[in-house]
Amino acid sequence: MGAEHSKNEERRSMVFLRKGPKLPAWEDALLAGREPKSLLKRGLRYVSLSLIMKGMTSTPDFLWGLHEVQKLNLSRNRLVVIPPSLGKLDRLVVLNLGGNCLKCLPKEIGLLRNLKVLFVNMNCLKEVPAELSLCRKLEVLSLSHNCISQLPLSFTDLTSLRKLNLSNNRFVQIPLCIFALRSLDFLHLGSNKLENIAESIQYLVNLQIFIVENNNIRSLPRSLCYISTLELLNADYNAIQTLPDELYLLRRLRRIAWNPMDKGLHIAHNPLSRPLPEVVEGGLDVLFSYLRDKKEHN
């Protein structure tokens, strides 16, 4: 009778354990006596490790011994600090730290010389370490939804950078170092505190997508009109009253765009002076024709 009672208790305990909260993948692996490397996934191009939404407030120590990892995703946790040990993962190509509570990045991030893609969006950063500029292979950088108001001048060294997202921060002006990034084809500065766009914007000769929506910009610089590669210019929700006569030179803008995802010219929700509102309603060809005629008669 006693033996049968013990077996029933054991069965009930097993059922309870199965119904209990599931252990995070790395804890499950370690409790089972498995090698942490068993968490790595080996794809066609990269060795990757994903620890998304694990509720982590700190990184597990074993992580910094996984030297072969090339793609690391630690997004959507509650991380407050990334330790200097990050620099040990010098094979990293893609690093996603988005959606955490980071107030700073370790200067050792500059040791990641193979890094090409870095997401640190939706954190609490107030500044970016100058050492990040040592990641000369960096091509994609997202720092959106932070509290950043300036960038280090050393960012001029990120000559391979093609896509930069600085939206939803606290920039009052476009950092000067950005104008040296001649490979940029995507630049997002929406939802900041910009009041103007410097004439130096013309140096971004490969820019295809330029977003400055939801700022306090009062006018578009004439030099912007000489970036012949522009396919999307979003200046919605600003304080723009007039448009530069040379805007018709942007021949890759195909239409007046209303959907945020569409390419073209976005100029809605601005206090445009008359007759511009009516002209814009007629479409891009009508607007360009109006500006061309206006320039010729001036």
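Small disclaimer: the values here were computed from a predicted structure and weren't measured.

Novice: Give a detailed account of the overall build of the protein, specifying residues and quantitative values.
Specialist: Secondary structure assignment for the protein yields four helices and eleven strands. Summarising the internal contacts of the protein: among those between residues at least 6 apart in sequence, 31% fall at separations of at least 24. Accessible surface for the protein amounts to roughly 15900 Å². Of this, 51% is attributable to carbon and sulfur atoms.

Novice: Which residues make up helix α4 (residues 284-296), and what are the values?
Specialist: Taking 1.5 Å of rise per residue, the 13 residues of α4 would be expected to cover 18 Å, and the 18 Å separating its terminal C-alpha atoms lies within 8% of that figure. For α4, the set of buried residues is Leu284, Leu287, Phe288 and Leu291. Each buried residue of α4 sits inside an arc of 95° when the element is viewed along its axis, so together they form one side. α4 presents Asp285 and Glu296 as exposed residues on the side facing more than 90 degrees away from its buried surface.

Novice: Outline the state of the cysteines, supporting the account with residue identities and numerical values.
Specialist: Tallied over the full model, the rule gives zero disulfides. The closest cysteine sulfur to the non-disulfide-bonded Cys147 is located on Cys124, 6.3 Å from its own sulfur. The exposure class of Cys147 is partly exposed, given its relative accessible area of 22%.

Novice: Tell me about the sheet that holds strand β6 (residues 140-142), and name the residues and values.
Specialist: In spatial order, the strands read β1-β2-β3-β4-β5-β6-β7-β8-β9-β10-β11; together these eleven strands make up an open sheet with mixed pairing. Because the sheet does not close on itself, it has two edges, and the strands there are β1 (41-42) and β11 (264-266). Taken together, the three bridges between strand β7 (residues 163-165) and strand β8 (residues 186-188) define a ladder with parallel strand orientation. Within β8, the position partnered with Asn165 by the bridge is His188.

Novice: For the side chain of Asn238, give the residues involved together with the corresponding values.
Specialist: Of note, Asn238 is situated in the loop between β10 (232-234) and β11. In terms of polar contacts, Asn238 uses its side chain to reach the backbone carbonyl oxygen of Asp236, at 3.1 Å. Apart from the residues within four sequence positions on either side, Asn238 is in contact with Val212, Glu213, Asn214, Asn215, Asn216, Ile217, His269, Asn270 and Pro271.

Novice: How would you sum up the side chain of His188? Please name residues and give values.
Specialist: By the element assignment, His188 lies in strand β8. Judged by relative accessible area, His188 falls into the buried class, the value being 13%. Setting aside residues no more than four positions away along its own chain, His188 makes contact with Leu164, Asn165, Leu166, Ser167, Ile211 and Glu213.

Conventions and cut-offs
Residues numbered from 1 in each chain as written. Predicted model: local features only at pLDDT ≥ 70, side-chain atom pairs only at ≥ 80, totals over all residues. Heavy atoms only, no water. Helix = DSSP H or I, 4+ residues; strand = E, 2+ residues; numbered from the N terminus. Contact = heavy atoms within 4.5 Å. Areas by Shrake-Rupley, 256 points an atom, 1.4 Å probe, with all protein chains shown as cover. Expected span 1.5 Å × (residues − 1). Buried < 20%, exposed > 50% of the residue type's maximum accessible area, 1.4 Å probe, protein only. Arc of directions from axis to C-beta. Disulfide = S-S within 2.5 Å. Pairing = 2+ DSSP bridges. Polar contact = N/O pair within 3.5 Å; in protein donor to acceptor, adjacent residues only side chain to side chain.

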